[in-house]
Amino acid sequence: MDKNFQEEITQIIKFKPPLYKQRHQFVKDLVEKYKPKKVADLGCADCSLLRMLKFCSCIEVLAGLDICANVMQEKMHTLSPLPVDYLQPSERSLTVTLHHGSVAHKDPCMLGFDLVTCIELIEHLEEPELKKFPEVVFGFMAPSIVVISTPNSEFNPLLPGVMLYRHPDHKFEWNQAQFQSWALETARCYDYSVEFTGVGHPPTGMEKAGFCTQIGVFIRKYPQTGGSVQSEKPTEAVYKTVFKAVYPSLKDEKYLQNAVISEVIFTAQIIKHRLMSKHKEYGDDPERKSKFQPSMDCFSDYLGKLVVEKNMEPFVSGNEVYIPLATIFSFPKVNRLCGTFEKLCKLIAGKVTLSSDGSAVIFNIEHENEEN
């Protein structure tokens, strides 16, 4: 939160990269390590961390929560899918949702997350909110991992212009001992372990000041027990959803079908082009043509029944080119998209011109011959 203000007062120290980017990179590194599928950012503000995390391929659900709806709404459009996301849908599903509400309140929409981040959040909480915060995050939400960052007040004397707190909205700023005491007690109460680290190294000779931003990484010791936990969860929603984006995904059959059809046509066109080039090359030499023709005639004998086997080569008959589906399916991208030959046939049925028995893609080359 408040990264612009904080960067102004730390510019003389010249953190490289800027401190907020170091915090975001810390979270990203954790995501790459633990591969969470569902991530929630509490106090998401301008959504900058969410924008970074949406590119992490392991994440399928992203949620942001902030008490200030206006700040989220200014930047929430940057979380929407781009045209390229529709042209090239991802293999994973991704849903991004923003909620307006307080971290002191419980809402069932925040259940089931693997990782919860609270980056520069707790120092903005009033005392009553801070008291409720551990029960909401560690007791109610109970994710596998919680990351909390907060300013280290021992670093403040090194920052020019800081009289009391780094930001006028901060209600407190803890030193290292205070943060660690609070974190250890919270971890003990809710069966978490906690490790301490930070970002923003102090200048040489001032190592005792500690990191500019102190961080606690909480890991839940025991898995959730479904029955007892769910009985305590309220069902009433208290947050207001202000944004939701569902990204196009190949897990959605309509996007998968479009991708498969495009790839099948693209692959078949390449095979056809190579075949026609070879056909024309042999056609210019009578001796070479005679070697090629028996193969062509052999395939023509089967045009009535078109029993195409997996090892059958594509062939030309009159003004039509036949590209066996089995040949197309053997291409890695088509194979990966469909998984099975039966799935391929199902997805392109009625969408691509096929032979009478559905075993080959057909191209009519009459107009191509006329142009040539």
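Refer to the structure presented above.
Heads up: these notes are all about the structure in this document.

Thresholds applied
- Residues numbered from 1 in each chain as written.
- Predicted model: local features only at pLDDT ≥ 70, side-chain atom pairs only at ≥ 80, totals over all residues.
- Heavy atoms only, no water.
- Helix = DSSP H or I, 4+ residues; strand = E, 2+ residues; numbered from the N terminus.
- Buried < 20%, exposed > 50% of the residue type's maximum accessible area, 1.4 Å probe, protein only.
- Polar contact = N/O pair within 3.5 Å; in protein donor to acceptor, adjacent residues only side chain to side chain.
- Pairing = 2+ DSSP bridges.
- Axes fitted to C-alpha atoms, helices over the stretch in contact; angles between N-to-C directions.
- Contact = heavy atoms within 4.5 Å.
- Core = buried A, V, L, I, M, F, W, Y, C linked by side-chain atoms within 4.5 Å.
- Salt bridge = Lys/Arg side-chain N within 4 Å of Asp/Glu carboxyl O.

Examined against the element boundaries, His170 turns out to sit in the loop between β5 (145-151) and α7 (176-189). On the basis of relative accessible area, His170 is assigned to the buried category, the value being 4%. A distance of 3.5 Å separates a polar atom in the side chain of His170 from a polar atom in the side chain of His124.

A few words now on the sheet that holds strand β3 (residues 95-100). In space, the eight strands of this open sheet follow the order β6-β7-β5-β4-β1-β2-β3-β8, with mixed pairing throughout. Lying at the two open borders of the sheet, with one neighbouring strand each, are β6 (192-199) and β8 (240-246). The mean angle between the axes of side-by-side strands here comes to 15 degrees, regardless of whether they run parallel or antiparallel. As paired elements, strand β2 (residues 61-66) and β3 share six bridges and run parallel to each other. The residue bridging Leu62 from the neighbouring strand is Val96, located in β3. Contacts from helix α6 (residues 127-141) reach β1 (38-42), β4 (115-119), β5, β6 and β7 (213-220) within the one sheet, and its direction differs from that of β5 by about 160 degrees.

Membership of the largest hydrophobic core comes to 36 residues, with the highest contact counts inside it found for Val31, Leu53, Ile59, Leu98 and Val147. Going through the elements one at a time, α2 (19-34), α3 (48-53), β3, β4, β5, β7 and β8 are the ones with two or more residues in this core. In terms of residue count, the dominant contributor to this core is α2 (five residues). Excluding anything up to four places from it in sequence, Leu53 contacts Val27, Lys28, Val31, Val39, Ile59 and Leu62. In terms of nonpolar packing, the next biggest core, distinct from the first, is built from 31 residues, Phe113, Ile122, Phe140 and Val146 among them.

Our focus in this paragraph is the pattern of salt bridges. Here the structure, examined in full by the defined rule, presents 10 salt bridges. The salt bridge involving Lys346 is made with Glu253; its shortest N-O contact spans 3.9 Å. Here Lys346 is found in helix α13 (residues 341-348), whereas its partner Glu253 is found in helix α9 (residues 253-283), with 93 residues between them in sequence. Here Glu263 makes a salt bridge to Lys333, at a shortest N to O gap of 3.6 Å. In this pair, Glu263 sits in helix α9 while Lys333 sits in helix α12 (residues 332-338), placing the two residues 70 residues apart along the sequence. Judged by its relative accessible area of 15%, Glu263 is buried. Three or more residues are tied together by salt bridges with common partners; here these are Glu253, Lys343 and Lys346.

Purely spatial values, then, with no claim about function.
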